[in-house]
Amino acid sequence: MLVVIFVSDELDCSYAPAHGDIFTAANDTFWLDPNVGPRSGICWEAGSVCTGDGAPYDACVPANYGANGEIDVSDDAAVLQPLSRYVADLDPARSMAFGLVGVPSGYAEGSEPLTYWAPEDDQQASQFGVDWSCADAEGGHEALPPLRLREVVESTTAAPSLFSICDSSYETTMATIRDRILARLP
């Protein structure tokens, strides 16, 4: 059995090798502020589409964008690796996926939803394109929402399998992951 654990406080930015220029001045289509240069927000702009006013958004979903910013292009034309590539490799009968990512504490238990917010802060907007989805109790560690990773993990694993990277301890999370893996072993 294949077990994959994603650990990240940032956005997935698995770009298609043919489109590496989205991080250079050769193609600034997804740059949030061309005067500042490439930032992590490229990953949000090139991989998501949201509806609503952003306070919070009504919905955000992964999307395939083409090199010139066109939306809903084929997997072959997408600037980021299409999620279907990963979902196909994570057959639920032979694999498990987990994420220690930017979801609120309590997300895995269903007590805390993941919402997406437009940043109110100009620096946050130009750097990331989306506001933090969780923060630790001291406010020293923040994480971005795992839109693309969420889609991959939740489409390949039945039980809630995303845990907050903003938690002060991962002891319970790791015990839960361990128990789920052991329950699947013959």
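On a predicted model such as this, the values are computed, not experimentally measured, just so you know. (Residues numbered from 1 in each chain as written. Predicted model: local features only at pLDDT ≥ 70, side-chain atom pairs only at ≥ 80, totals over all residues. Heavy atoms only, no water.)

1. Points about the nonpolar core
- In this structure, L11, W44, C60, V103, Y116 and L162 are the most contacted members of the largest nonpolar core, which totals 22 residues.
- Broken down by element, the residue count for this core peaks at 4 residues, all from helix α4 (residues 147-156).
- Grouped together as the second largest cluster of nonpolar side chains are 11 residues, M96, A108, I165 and I177 included. (Core = buried A, V, L, I, M, F, W, Y, C linked by side-chain atoms within 4.5 Å. Buried < 20%, exposed > 50% of the residue type's maximum accessible area, 1.4 Å probe, protein only. Helix = DSSP H or I, 4+ residues; strand = E, 2+ residues; numbered from the N terminus.)

2. Describing the state of the cysteines
- Taken as a whole, this structure holds 3 disulfides when the rule is applied.
- Here C50 pairs with C60 through a disulfide, and the sulfurs are 2.1 Å apart. Given an S-S torsion of about 110°, the disulfide between C50 and C60 has right-handed geometry. Of this pair, C50 sits in strand β2 (residues 48-51) while C60 is found in strand β3 (residues 59-62), placing the two residues 10 residues apart along the sequence.
- Classification of C50 as partly exposed rests on a relative accessible area of 24%.
- For C60, a relative accessible area of 9% gives the class buried. (Disulfide = S-S within 2.5 Å.)

3. Describing the pattern of salt bridges
- Evaluation of the coordinates by the stated rule reveals 4 salt bridges.
- In this structure, the salt-bridge partner of R94 is D91, at a minimum N-O distance of 3.5 Å.
- For the salt bridge of E154 with R150, the shortest nitrogen-to-oxygen distance reads 3.4 Å. With E154 and R150 both in helix α4, this residue pair falls 4 residues apart, about one helical turn.
- The exposure class assigned to E154 is partly exposed, which follows from its relative accessible area of 36%.
- What makes R150 partly exposed here is its relative accessible area of 21%. (Salt bridge = Lys/Arg side-chain N within 4 Å of Asp/Glu carboxyl O.)

Structural measurements only, silent on function.
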